[in-house]
Amino acid sequence: MSADDPMLTSHQRRGADLPPVVVYEEVRKLFGDFVALDGVSIQVNQGEVMCLIGPSGSGKSTLLRCTNALEVVSSGRVIFEGKPLPSNETEARKIRQRMGMVFQNFELFPHKSTLDNVAIGPITVLGMKEGDARARAMKLLDKVGLTDKAGSFPSSLSGGQQQRVAIARALAMEPDVMLFDEPTSALDPETIGEVLNVMKQLAEEGMTMIVVTHEMTFARRVANWVVVFDHGKVVEQGPPEQIFDAPTCDRTRDFLGHLGWNG
Amino acid sequence: MTLDWSIVWESRYALAEGAKLTVMLTVITMLIAIPAGIVLAVMRLSKSRVLSTSSMCFVEFFRNLPLLLVVYWAFYVMPVFMGIEFSAFTTGLVALSLNVSAYNSETFRAGINSIRKGQTEAAIALGMSRGEAMRKIVIPQAWRRVLPVLASTWVSLFKDTSLVSVIAVGELAHVAMQIRSQTFRVLEMLTAMAVIYWLMGYPQAKLVDWIRKKYEVKE
Ligand SMILES: Nc1ncnc2c1ncn2[C@@H]1O[C@H](COP(=O)(O)OP(=O)(O)O)[C@@H](O)[C@H]1O
Ligand SMILES: [Mg+2]
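Analysis parameters
- Residues numbered from 1 in each chain as written.
- Chains lettered and ligands numbered in written order.
- Predicted model: local features only at pLDDT ≥ 70, side-chain atom pairs only at ≥ 80, totals over all residues.
- Heavy atoms only, no water.
- Helix = DSSP H or I, 4+ residues; strand = E, 2+ residues; numbered from the N terminus.
- Buried < 20%, exposed > 50% of the residue type's maximum accessible area, 1.4 Å probe, protein only.
- Contact = heavy atoms within 4.5 Å.
- Pairing = 2+ DSSP bridges.
- Right-handed = clockwise from strand over helix to strand, strands pointing away.
- Near = heavy atom within 4 Å.
- Polar contact = N/O pair within 3.5 Å; in protein donor to acceptor, adjacent residues only side chain to side chain.
- Areas by Shrake-Rupley, 256 points an atom, 1.4 Å probe, with all protein chains shown as cover.
- Nonpolar A, V, L, I, M, F, W, Y, C, P; charged D, E, K, R; others polar.
- Axes fitted to C-alpha atoms, helices over the stretch in contact; angles between N-to-C directions.
- Parallel < 35°, antiparallel > 145°, perpendicular 65-115°, else oblique.
- Left-handed = near helix turned anticlockwise from the far one by under 90°.
- Buried area = accessible area lost by both parts, 1.4 Å probe.
- Salt bridge = Lys/Arg side-chain N within 4 Å of Asp/Glu carboxyl O.

## Some words on the overall build of chain B
Broken down by element type, chain B carries nine helices and zero strands. By residue count, 43% of the 219 residues in chain B fall in the buried class. Considering only residue pairs separated by 6 or more positions, chain B has 79% of its internal contacts joining residues 24 or more positions apart.

## Focus: the pairing of strand S8 (residues 208–212) of chain A
Residue and element names in this part refer to chain A. For S8, the buried fraction is high: five of the five residues fall into the buried class. By the alternation rule, side chains of S8 split into Thr208, Ile210 and Val212 and Met209 and Val211, which are all buried. Relative to S8, strand S3 (residues 49–53) runs parallel, the two being bridged by four bridges. Each residue of the ladder has a partner; that of Leu52, found in S8, is Val212. Between the parallel pair strand S7 (residues 177–181) and S8, the chain is carried across by helix H6 (residues 189–204), and the sense of this crossover is right-handed.

## Quick look at the site of ligand 1
Residue and element names in this part refer to chain A. Around ligand 1, the neighbouring residues are Phe31, Phe34, Ala36, Pro55, Ser56, Gly57, Ser58, Gly59, Lys60, Ser61 and Thr62. In the environment of ligand 1, an oxygen atom lies 2.8 Å from a nitrogen or oxygen atom belonging to the side chain of Lys60. At 2.5 Å from an oxygen atom of ligand 1 is found a side-chain nitrogen or oxygen belonging to Thr62. Alone, ligand 1 offers 550 Å² of accessible surface; in the complex the protein occludes 60% of this. Counting residues per element, the ones that place at least two in the shell around ligand 1 are strand S2 (34–44) and helix H1 (60–67). Taken together, the residues of the shell around ligand 1 break down into four nonpolar, six polar and one charged.

## So, the sheet that holds S8 of chain A
All names here are of chain A. Pairing in this open sheet of six strands is mixed, and the strands run S6-S7-S8-S3-S9-S10 from one edge to the other. Both edges of this open sheet fall to strand S6 (99–102) and strand S10 (233–238), since each of them pairs with a single strand only. Within this sheet the neighbouring strands show an average axis-to-axis angle of 15°, counted without direction. The sheet contact formed by strand S9 (residues 225–230) and S10 spans five bridges and is antiparallel. Among the inter-strand pairings, Val227 is bridged to a residue of S10, identified as Gln237.

## Some points on the packing of helix H5 (residues 159–171) of chain A against H6 of chain A
All names here are of chain A. In contact at an axis separation of 7 Å, H5 and H6 are set at 20° when each is read in the N-to-C sense. Accordingly, the angle class assigned to the pair H5 and H6 is roughly parallel. For H5 against H6, the interelement crossing comes out right-handed. Contacts from Gly159, Gly160, Gln161, Gln163, Arg164, Ile167 and Leu171 in H5 reach Thr191, Glu194, Val195, Val198, Met199 and Leu202 in H6. Of the residues in the contact of H5 with H6, the class split is six nonpolar, five polar and two charged.

## A short note on the interface of chain B and chain A
Listed per partner, the contact involves 17 residues of chain B and 21 residues of chain A. In this assembly, chain B packs against chain A so that about 1700 Å² is buried in total across both faces, 64% of it on carbon and sulfur atoms. Our count for the chain B to chain A interface comes out at two salt bridges. The shortest N-O distance in the salt bridge between Arg65 of chain A and Glu121 of chain B comes to 2.8 Å.

## Structural notes on the packing of helix H2 (residues 12–45) of chain B against helix H5 (residues 88–113) of chain B
Residues and elements named next belong to chain B. Close contact between H2 and H5 brings their axes to 6 Å; oriented N to C, the two are set at 45°. Classed by the angle they form, the pair H2 and H5 counts as oblique. Note that H2 runs across H5; the crossing there is right-handed. Broken down by class, the residue content of the contact of H2 with H5 amounts to 19 nonpolar, seven polar and three charged.

In structure tokens:
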């Protein structure tokens with residue numbers, strides 16, 4: 001399914017006929033006096049690829065971290081699959097198991113092999129048998145094209161390979177939604193493509209994805225919904241054709257101009 | 001002045017017993033002080049004010065007192081407070097353990113803090129609890145940084161066990177000093193003692209260097 005799927009009229013947003021996966025209602029997040037998120041209200045539908053773009057410091061990472069309760073919102077609500085995020089840590093842990101997160105710096109576990117990095121979630125968190133978890137991990141390494149690196153340690157992999165392992169590690173929990181925080185920002189240019197391809201493949205399989213990125217080409221081609229942040233607020237949102245070809249907001253134009261985007 | 005080295009040979013069994021006790025004190029102290037150090041470090045890093053403050057007080061207290069004072073303190077004060085007499089060996093062990101646990105706690109704390117916060121967050125994002133993240137992800141990585149420091153502490157401890165001789169624990173230093181005072185062979189006994197400590201300590205020091213090199217963190 002892609003943005004120009006003939007089944008979709010240009011006004012119908014992907015997943016609009018299904019209950020939303022994540023809804024943010026007037027989310028505010030303060031760090032001391034500093035307002036990192038200033039009343040964010042957006043929703044993420046089933047099967048959507050939503051890209052969050054905007055200048056650095058505008059609150060994109062904070063929103064992702066509020067999604068899986070790594071940060072607790074100061075006011076407003078985050079609703080996941082119909083229920084507000086629980087405030088109690090044990091319940092929050094159950095929610096996190098259903099969300100995969102991919103970090104800018106990969107954060108693979110350096111003392112574990114690639115295979116064990118992917119298997120550790122199911123083993124530790126789901127209590128899966130080691131053999132079963134490793135079999136699942138192997139399938140996922142195959143999916144990201146890294147079966148030959150199963151026994152290697154993260155330090156011997158390139159950045160792009162490490163990030164693909166990190167994606168496999170998140171997928172091993174069979175999440176309902178994937179959160180990506182600038183997954184290609186720490187990569188050498190020549191390995192960005194391999195990571196974006198894996199993400200594109202996931203999107204085509206119908207995974208619900210929230211992606212913070214500065215890769216405008218990816219956002220333009222793969223996202224079906226783009227949200228522009230500035231100073232903790234959503235300044236504009238819409239399908240990529242609107243955001244990139246006909247932005248309605250000056251700040252969107254400024255931001256895209258800054259990145260050298262000219263359609 | 002004539003030297004009579006025969007006294008050293010004649011005392012060989014007593015000296016060997018003393019050396020054995022020195023090794024035992026070192027080993028048992030470390031066996032106590034490693035888990036105690038981990039517990040103290042985890043307490044110190046916990047979110048609970050009570051746990052973290054009590055750990056901090058304990059550590060700062062024992063880390064900043066001369067070990068010799070702790071040894072005397074354990075000898076004279078502990079029986080009064082606890083109402084039981086301990087053997088000299090146990091008393092010495094307590095004093096050494098208090099001191100080394102405090103040091104190890106700081107070693108473990110530094111080790112744990114040296115692991116990037118992102119590692120814990122990645123574990124928590126997978127759905128692990130803080131405890132699981134600590135046990136499966138942080139502590140196994142912290143070991144690499146902690147091990148070389150623990151090895152140095154070990155070597156210091158080995159030498160510091162001689163301080164418990166002041167409360168008549170029959171370890172190497174005490175035995176040698178006893179023989180010296182009975183035979184007045186000061187130079188011979190001090191030399192013998194130095195040689196034995198050195199012969200036992202040098203390989204340990206070399207081992208520490210090797211561990212340092214092997215576990216040196218490259219990043
Ligand atoms: N833990 C924190 N403590 C204090 N300030 C923070 C914290 N996390 C983020 N911030 C601040 O919140 C703002 C938004 O940060 P972030 O969400 O990381 O922005 P973005 O991902 O869009 O670059 C930044 O100004 C940042 O300095
Ligand atoms: Mg960010």
